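Tertiary structure, described
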Amino acid sequence: VEVHSPGLPSSRFFELCRRQMRTGGAVVTARLKVREGEAEVDTMRRFFSRLRYWVLAESLGGVESMINHSASMSHGSMSKEERAQVGVHDTTLRLSVGLEDADDLIRDLKHGLEG
């Protein structure tokens, strides 16, 4: 999994984040790796089908943890080429961390990735 967050030292926005925020925020972008021989859509379906706590949602506002599949939701009106130009791929996810127990959320994501 490739993870992007302004709160990570590897982010080009890390120093700005440190100056402007107490934490890196509750929204994280991730890009899943596709298994050899598996279609991207199948990777996403498998991942989503194994989640228990995370809600697939168009909007990321709320107290519960939500995942946005950017290619089919927020960027769904763009072509695959246009999405790639702005860094949104078919395996790109945006995760909004809610108020559930952090250990439950982490276990749930691991379960989704191991499927």
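Definitions and cut-offs
Residues numbered from 1 in each chain as written. Predicted model: local features only at pLDDT ≥ 70, side-chain atom pairs only at ≥ 80, totals over all residues. Heavy atoms only, no water. Helix = DSSP H or I, 4+ residues; strand = E, 2+ residues; numbered from the N terminus. Rg over C-alpha atoms; globule rule 2.2 N^0.38 Å. Buried < 20%, exposed > 50% of the residue type's maximum accessible area, 1.4 Å probe, protein only. Areas by Shrake-Rupley, 256 points an atom, 1.4 Å probe, with all protein chains shown as cover. Lys, Arg positive; Asp, Glu negative; His and termini not counted. Charge placed at Lys NZ, Arg CZ, Asp CG, Glu CD. Pairing = 2+ DSSP bridges. Contact = heavy atoms within 4.5 Å. Axes fitted to C-alpha atoms, helices over the stretch in contact; angles between N-to-C directions. Patch = residues over 30% accessible without salt bridge, like charges linked within 9 Å, V, L, I, M, F, W, Y side chains within 5 Å. Salt bridge = Lys/Arg side-chain N within 4 Å of Asp/Glu carboxyl O. Core = buried A, V, L, I, M, F, W, Y, C linked by side-chain atoms within 4.5 Å.

A few points about the overall build of the protein
- What the protein contains, in helices and strands, is 4 helices and 5 strands.
- Since a compact globule built from 115 residues should have a radius of gyration of about 13 Å, the 14 Å found for the protein is in line with a globular shape.
- Viewed in the frame of its principal axes, the protein has a C-alpha envelope of about 40 × 35 × 25 Å.
- Looking at the protein as a whole, 30% of its 115 residues are labelled buried.
- Counting every atom, the protein has about 7,500 Å² of accessible surface; 52% of that belongs to carbon and sulfur.
- Within the protein, one finds 16 positive and 17 negative side-chain charges whose respective centroids are separated by 4 Å.

Quick look at the pairing of strand 2 (residues 27-31)
- The pairing of strand 1 (residues 2-4) with strand 2 spans 3 bridges and is antiparallel. Across the sheet, the residue bridging to V3 is A30, located in strand 2.
- Here strand 2 pairs with strand 5 (residues 92-96) via 5 bridges, running antiparallel. Pairing of T29 across the sheet is with R94, part of strand 5.

Things to note about the sheet that holds strand 2
- Within the open sheet, the 5 strands sit side by side as 1-2-5-4-3. Their pairing is mixed. Every other strand in the sheet has two partners, leaving strand 1 and strand 3 (55-56) as the edge strands with one partner each.
- Its contacts with the sheet put helix 2 (residues 40-49) on strand 3, strand 4 (66-69) and strand 5, and the angle it makes with strand 4 is roughly 165 degrees.

A word on a nonpolar patch on the surface
- Together, V1, V3, L8 and L113 line one region of the surface with nonpolar side chains, adding up to about 300 Å² of accessible area.
- Within the secondary structure, L8 is located in the loop between strand 1 and helix 1 (14-20).

Focus on the environment of A71
- Following the sequence through the fold, A71 ends up in the loop between strand 4 and helix 3 (80-85).
- Residues A71 and T92, spaced 21 residues apart in sequence, show a C-alpha to C-alpha distance of 7.0 Å.
- If near-sequence neighbours (up to four positions away) are discounted, A71 is found in contact with G76, R83, V88, H89 and D90.

A few points about the nonpolar core
- In this structure, A30, L32, M44, F47, L51, W54, I67, L93, L95 and L105 together form the largest nonpolar core, which totals 10 residues.
- Where this core is concerned, the elements lending two or more residues are helix 2 and strand 5.

Re the environment of L32
- When you line up the elements, L32 lands in the loop between strand 2 and helix 2.
- You can call L32 buried: its relative accessible area is 7%.
- Along the primary structure L32 and Q85 are separated by 53 residues, whereas in three dimensions their C-alpha atoms are 18 Å apart.
- Apart from residues no more than four positions distant in its own chain, L32 is found in contact with V1, T43, M44, F47, T91, L93 and L113.

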